[in-house]
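# Observations on the model geometry
Listed here are the chains, written in short residue letters.
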Amino acid sequence: MTLAKLKTEFTREFGSGGRLHVIRAPGRVNLIGEHTDYNEGFVFPMAIEPQIFFVCRPRTDGKVVVKSSLFPGSTAEMSLSGRITKGEPKWSNYVRGPIALLLAKGVPLVGMDCLIINTLPMGGGLSSSAAMEVGTVRAMLTLAGESMDESALAQLCQKAEHDFADVPCGIMDQTIVVSGKADHAMLLDCRDLSRRFVPLDKDELTVVVTNSMVKHELSGGEYAERRQQCEEAVRYFGKTDPAIRALRDVTREQLETGRTGLSDVVFRRARHVVGENERCLKFAECLTSRRYEQAGQLMLQSHESLRDDYEVSVPEIDFLVQTAMNLKGVYGSRMTGGGFGGCTVSLVQPRFVESFVQEIRQAYQSRFRIEAVVFATHATDGAGVLE
Ligand code: ADP
Ligand code: MG
């Protein structure tokens, strides 16, 4: 979408006049390192092309008025002089949270009119929630002429997701949406937030995201249950070695020695996390030295571990991964995101992307009668001001 078109849309909603700013916040996909973030481990995400735009202009009355093209007829309204709490419409909590926390930090803000326009699907596991939070903060800071350290910005948005969306997420999503770098993935240490950017050569690799379009809710408590199981494992390992504060600290040897003291299920959860941290670090090395076949095998191993040890996959996603691995030009494929549906991510040789997209859609359609949404993307910069 062009800037001119975005501004026309804004004017249609809010009327003309004033200087307009346009902010972009991307979605993200995690290449490897799943369910490691809350275990203080490693993740390897990149920012993607699908995105959310915030077209905005300052107001002088201290009010914030936000509309979204996805929710026609619904307006989020709040006053910067009052207390901002959770409220209606529901989607407005992704705007309310960040603004409330900016105010709590004492950042001087000005009112705004804002129109949100997205190409990033909502609720598809590509972190539209973090894009909403980060884009909101960038828009508010831009209008106020303020700036904020990138890590502080990510942490503020994470807290907004905890407090206003009731999602106890790790720090990965907000970090990559804030700090992504074009043509690079980010090896992020979720313990100290240190990061290393690893180049993804466009001529050699394309990242393809396949949305299964399924979301199995089950009882909804799976995420909390996995976290508790990880904590249980940490308590056990901590008894033998007090330096162990998170599964991040458990070595492969300690894991094997501890096997007899843990229930089978808690052992397998721990084995996933310990192995996934190793795979994530190896994967970054493989990409750096262009060992793509090996990188792809690590993705597949990650998937198998999430399926068998962590038990967060579903048949549709397993089918997509299996199918991808049998297609030409595919290095690797795995589920990405929390699990129970959502998307897979595949590393594909550029010249085979077109056939990949066609064939995976066709296979999925004939097996499950569902239209998968498949797109290729390169890594992009994190959120920024376009104008
Ligand atoms: P994901 O982050 O995987 O896309 P979440 O359930 O975490 O899914 O966040 C999705 C929520 O974010 C939506 O339910 C909605 O409230 C909000 N959201 C995302 N995109 C938009 C948008 N373009 N306009 C308004 N709200 C949005
Ligand atoms: Mg989300």
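Described below are features of the structure shown in this document. Source: prediction; values computed, not measured. Sequence order sets the numbering: in each chain, residues are counted from 1 along the sequence as written. Going through the entries in the order they are written, you letter the chains from A and number the ligands from 1. Owing to the predicted nature of the model, reporting of local features is limited to residues with pLDDT of at least 70; listing and counting of side-chain atom pairs is limited to 80 or more, with chain, interface and lining totals taken over all residues. Note that the side-chain values use all heavy atoms of the structure and ignore hydrogens as well as water.

Before going further, it helps to examine the overall build of the protein. Only DSSP runs of H or I reaching four residues or more are called helices, and only runs of E reaching two or more are called strands; each is numbered from the N terminus. Each helix and strand counted, the protein has eleven helices and 13 strands in total. Here the C-alpha radius of gyration of the protein, 21 Å, is about what a compact globule of 387 residues would show, namely 21 Å. The principal-axis extents of the C-alpha atoms in the protein amount to approximately 65 × 50 × 40 Å. Only protein chains enter the accessibility calculation, which uses a 1.4 Å probe. A residue is then buried if its area is under 20% of the maximum for its type, exposed if over 50%, and partly exposed in between. Taken over 387 residues, the protein has a buried fraction of 57%. Taking contacts inside the protein between residues at least 6 apart in sequence as the whole, the part at least 24 apart equals 71%. Surface accessibility follows the Shrake-Rupley procedure with a 1.4 Å probe radius. Residue values consider only the protein chains on display as shielding. For the protein, the exposed surface amounts to about 16100 Å²; the carbon and sulfur share of it is 49%. Atoms counted for the radius of gyration: C-alpha only. Globule rule: 2.2 Å times the number of residues to the power 0.38. Only heavy atoms enter the contact rule, under which two residues are in contact if any of them lie within 4.5 Å.

Before going further, it helps to examine the side chain of T36. Within the secondary structure, T36 sits in the loop between β1 (21–30) and β2 (42–43). Here the side chain of T36 touches G33 through a polar contact of 3.2 Å, landing on its backbone oxygen. Beyond its immediate stretch of four places on either side in the chain, T36 contacts G41, F42, V43, V273, E276 and N277. Within 3.5 Å is the distance limit for a polar contact, defined as a pair of N or O atoms, with the added protein rule that one can donate a hydrogen and the other accept it, and that residues adjacent in sequence qualify only through two side-chain atoms.

Another point: the sheet that holds strand β4 (residues 63–68). Within a sheet, each strand pairs with its neighbour through backbone hydrogen bonds, oriented either parallel or antiparallel. When DSSP finds two or more bridges between a pair of strands, those strands are recorded as paired. Spatial ordering of the open sheet is given by β5-β4-β6-β3-β1-β13, a layout of six strands whose pairing is mixed. Unpaired on one side and paired on the other, β5 (75–79) and β13 (384–385) mark the two borders of the sheet. With two bridges connecting them, β1 and β13 associate as antiparallel partners. In the strand pairing of β13, I23 is matched with V385. Convention adopted: a line fitted to C-alpha atoms gives each axis, helices being fitted over their contacting stretch, and angles between N-to-C directions are expressed from 0 to 180 degrees. Across the sheet, helix α2 (residues 93–104) is in contact with β4, β5 and β6 (111–118); its angle to β5 comes to roughly 20 degrees. Sheet contacts for helix α3 (residues 128–144): β1, β3 (45–59), β4, β6 and β13; angle to β3, the most-contacted strand, approximately 40 degrees.

Before going further, it helps to examine the state of the cysteines. What counts as a disulfide here is a pair of cysteine sulfur atoms lying within 2.5 Å. Across all of its chains, the model carries zero disulfides by this definition. C286 takes part in no disulfide bond, and the closest cysteine sulfur to it belongs to C280, at a distance of 11 Å.

This part covers the site of ligand 1. Being near a molecule or strand, for a residue, means having at least one of its heavy atoms within 4 Å of it. In the vicinity of ligand 1, 17 residues are found, and the nearest of them are S68, G123, G125, S128 and S129. Interatomic distance of 2.8 Å between a backbone N/O atom of G123 and an oxygen atom of ligand 1. In this structure, G125 approaches ligand 1 through a main-chain N or O atom, which is 2.9 Å from an oxygen atom. For ligand 1, whose accessible area on its own is 570 Å², the fraction buried by protein is 81%. The biggest single contributor to the shell around ligand 1 is α3, with three residues.

Moving on, we come to the nonpolar core. Ranked by internal contacts, the top residues of the largest apolar core, which has 81 residues, are F44, F283 and L287. Here the element with the most residues in this core is α3; it accounts for ten residues. Not counting residues up to four positions away in its chain, the partners in contact with F44 are N30, L31, I32, A185, M186, L187, V198, C280, F283, A284 and L287. Among the buried residues, those of types Ala, Val, Leu, Ile, Met, Phe, Trp, Tyr and Cys that are joined through side-chain atoms within 4.5 Å form a nonpolar core.

Turning to the pattern of salt bridges, a few remarks are in order. When the charged atoms of two side chains lie near each other, side chains of opposite charge can form a pair. Whenever Lys or Arg places a side-chain nitrogen within 4 Å of a carboxyl oxygen from Asp or Glu, that contact is recorded as a salt bridge. Taken as a whole, this structure holds 30 salt bridges when the rule is applied. The closest approach of N and O atoms between D113 and R59, which form a salt bridge, is 2.8 Å. Note that D113 is positioned in strand β6 and R59 in strand β3, a separation of 54 residues in sequence. Taking relative accessible area as the criterion, D113 reaches 7% and is therefore assigned buried.

The next subject is the sheet that holds strand β7 (residues 184–189). The strand order β2-β7-β8 describes an open sheet built from three strands, whose pairing is antiparallel. Lying at the two open borders of the sheet, with one neighbouring strand each, are β2 and β8 (195–199). Pairing geometry for β2 and β7, over two bridges, is antiparallel. By the bridge assignment for β7, F42 is matched with D189. Of the strands in this sheet, β2, β7 and β8 are in contact with helix α8 (residues 264–288), which crosses β8 at around 45 degrees.

A few words now on the pairing of β8. Here β7 pairs with β8 via five bridges, running antiparallel. Residue pairing across strands places L188 opposite R195, the latter belonging to β8. Adjacent in sequence and paired antiparallel, β7 and β8 are bridged by five residues, among which L193 carries a positive phi angle near 65 degrees.

Let us now look at the packing of α3 against helix α4 (residues 150–165). The N-to-C vectors of α3 and α4 enclose an angle of 125 degrees; their axes lie 10 Å apart at closest approach. As far as their axial angle goes, α4 and α3 are oblique. Here the hand of the crossing between α3 and α4 comes out right-handed. Between α3 and α4, the contacting residues are S129, A130, E133, V134, V137, R138 and L141 on the first element and L153, L156, C157 and E161 on the second. In the scheme used here, Gly and all other residues not listed as nonpolar or charged are polar, with Ala, Val, Leu, Ile, Met, Phe, Trp, Tyr, Cys and Pro taken as nonpolar and Asp, Glu, Lys and Arg as charged. Residue classes in the contact of α3 with α4 are distributed as seven nonpolar, one polar and three charged. Here roughly perpendicular refers to angles of 65 to 115 degrees, roughly parallel to angles under 35, roughly antiparallel to angles over 145, and oblique to all remaining angles. By convention, the crossing between two helices is left-handed when the near helix turns anticlockwise from the far helix through less than a right angle, and right-handed when the turn is clockwise.

This brings us to empty space enclosed by the protein. One way to see where empty space is left: roll a probe the size of a water molecule over the atoms. Using protein atoms alone on a 1 Å grid, points that fit a 1.4 Å probe yet trap it form a cavity, whereas open point sets bounded by protein on both sides within 12 Å along at least five of seven lines form a pocket; residues with an atom within 4 Å of a point count as lining. Grid points are joined across faces, edges and corners, and a volume is the space filled by probe spheres set on the points. All chains considered together, the criterion is met by one cavity of 30 Å³ or more. As a volume, the largest cavity reaches approximately 60 Å³. Looking at the largest cavity, the residues that line it are M46, D183, L200, L205, T206, V207, L347, T377, H378 and A379. For the lining of the largest cavity, the residue count by class is six nonpolar, three polar and one charged.

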